[in-house]
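Next come the chains, spelled out residue by residue.
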Amino acid sequence: MQSAIERYLKENGYKTSIVRDREFRNSQEVLNAKAINLRREGMGKRPNKAQPRAPEEQSSLWNKGQLGEHNGRVLTNVNFKNLTEQLGLRGRQEHYDSYVEDFLIRRQEDRGELVVVEYRENPTKTRTGGLRIKRRLTPQLMFSTDGGERDPVRLFKLWRSKRQDGA
């Protein structure tokens, strides 16, 4: 609000800044104290992470045909959802920057027949590689479930098999 008032005053020829100048230092301190007090009361704390869908909502998406394997778009949607939820890929950009070769399908030795998709991340803004490679603390794994229609590893294998070579 203060910036909006500042902008209005500048547009109308007022030379003194109500945000930076010494004459308004007291108002800055009062506003800062008020902001601290409001945060202590729990205001201004918005959740930063997306809340997971309830099981009923997910079932509804499957029942309505918005998730599944019956066409390419729906298969891509379910894989986008699974890679986001299971591997922690954030938003569209990480999906876009990933290559099919970054995903390895393998059996997990210590668990017998369990098949996993492992994501081997390329360098990112915060993990740049070099001599001191910062890696994620936990391996990015997507586990198979029962092999049924909603098994994320089965859906990923199906999606990968439908891709055109070189695409």
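Everything numeric in this text was worked out from a predicted model, so none of it was measured.

Undergrad: Please clarify how the environment of Ile5 should be interpreted in this entry.
TA: Looking at where Ile5 falls in the secondary structure, it is placed in helix H1 (residues 2-11). Overall, Ile5 belongs to the partly exposed group, its relative accessible area being 43%. Ile5 sits 14 residues away from Val19 along the chain, and the two C-alpha atoms are 9.6 Å apart.

Undergrad: Even after reading the chapter, I still don't get the packing of aromatic side chains, so can you show me in this structure?
TA: To describe a pair of aromatic rings, you give the distance between the ring centres and the angle between the ring planes. For the coordinates displayed, the defined rule picks out 3 aromatic pairs. Measuring from centroid to centroid gives 5.4 Å for Phe103 and Phe156, while their planes differ by 50°, and the two rings are tilted. With Phe103 in strand E1 (residues 103-107) and Phe156 in helix H6 (residues 152-162), the pair connects residues that are 53 residues apart, well separated along the chain. You'll find Phe103 and Phe156 in the same group, each marked buried. Ring plane angle 40° and centroid distance 5.8 Å describe the contact between Phe156 and Trp159, whose orientation is recorded as tilted. Separated by 3 residues within a single helix, Phe156 and Trp159 lie in helix H6, roughly one turn from each other. According to the relative accessible area criterion, Trp159 is partly exposed, its value standing at 24%. Here a set of aromatic residues connected by ring pairs shows up, and it is made of Phe103, Tyr119, Phe156 and Trp159.

Undergrad: Would you explain helix H3 (residues 55-63) in this entry?
TA: Because an α-helix completes one turn every 3.6 residues, residues spaced three or four positions apart along the sequence face the same direction. Every buried residue of H3 is listed here: Gln58, Leu61 and Trp62. The arc enclosing the buried residues of H3, seen along the axis, measures out at 100°, which places them on a common side. Of the exposed residues in H3, those oriented more than 90 degrees away from the buried face are Glu56 and Asn63. On the buried face of H3, the contacting elements are helix H4 (72-87) and H6. One or two steps after H3, the chain reaches Gly65, where phi turns positive at roughly 85°.

Undergrad: When you look at the side chain of Gln140 in this model, what are you seeing that I'm missing?
TA: Note on placement: Gln140 falls in strand E3 (residues 140-143). Side-chain polar atoms of Gln140 contact the backbone oxygen of Leu87, separated by 2.6 Å. Setting aside residues no more than four positions away along its own chain, Gln140 makes contact with Leu87, Gly88, Val117, Glu118 and Tyr119.

Undergrad: So what exactly am I meant to see when it comes to the sheet that holds E1 here?
TA: Backbone hydrogen bonds hold the strands of a sheet together, and the pairing may be parallel or antiparallel. Overall, antiparallel pairing links the 3 strands, which are arranged E1-E2-E3 in an open sheet. Two strands close off the open sheet at either side, each with one partner strand: E1 and E3. Between one strand and the next, the sheet's axes are offset by a mean angle of 30°, whatever the strand orientation. With 4 bridges connecting them, strand E2 (residues 115-119) and E3 associate as antiparallel partners. When the bridges of E3 are listed, Val117 appears paired with Met142. Relative to E3, H4 is tilted by about 120°, and along the sheet it contacts E1, E2 and E3.

Quick notes on the rules
- Note that residues are indexed from 1 along each chain, following the sequence as it is written.
- In keeping with the model being predicted, local features are shown solely for residues with a pLDDT of at least 70 and side-chain atom pairs are shown and tallied solely at 80 or more, while totals for entire chains, interfaces and linings include all residues.
- In computing side-chain values, all of the structure's heavy atoms are included and hydrogens and water are not.
- Working definition: helices are DSSP H or I runs of at least four residues, strands are E runs of at least two. Numbering for both runs from the N terminus.
- A 1.4 Å probe rolled over the protein chains alone gives each residue an accessible area, and that area as a share of the maximum for its type sets the label: buried under 20%, exposed over 50%, partly exposed in between.
- Any two rings among Phe, Tyr and Trp, with Trp reduced to its six-membered ring, count as a pair given centres within 6.5 Å; such a pair is stacked if its planes are under 30 degrees apart, edge-to-face if over 60, and tilted if neither.
- Taken from the helix axis, the directions to the C-beta atoms give the arc we talk about.
- It only takes one pair of heavy atoms within 4.5 Å for two residues to be counted as in contact.
- Side-chain atoms alone can form a polar contact between residues adjacent in sequence; in general such a contact is a pair of N or O atoms within 3.5 Å, and within protein one must be able to donate a hydrogen while the other accepts it.
- Strand pairing follows a simple DSSP-based rule, namely that at least 2 bridges must link the two strands.
- Inter-axis angles, ranging from 0 to 180 degrees, are taken between N-to-C directions of lines fitted to C-alpha atoms, where helices are fitted over the stretch in contact.

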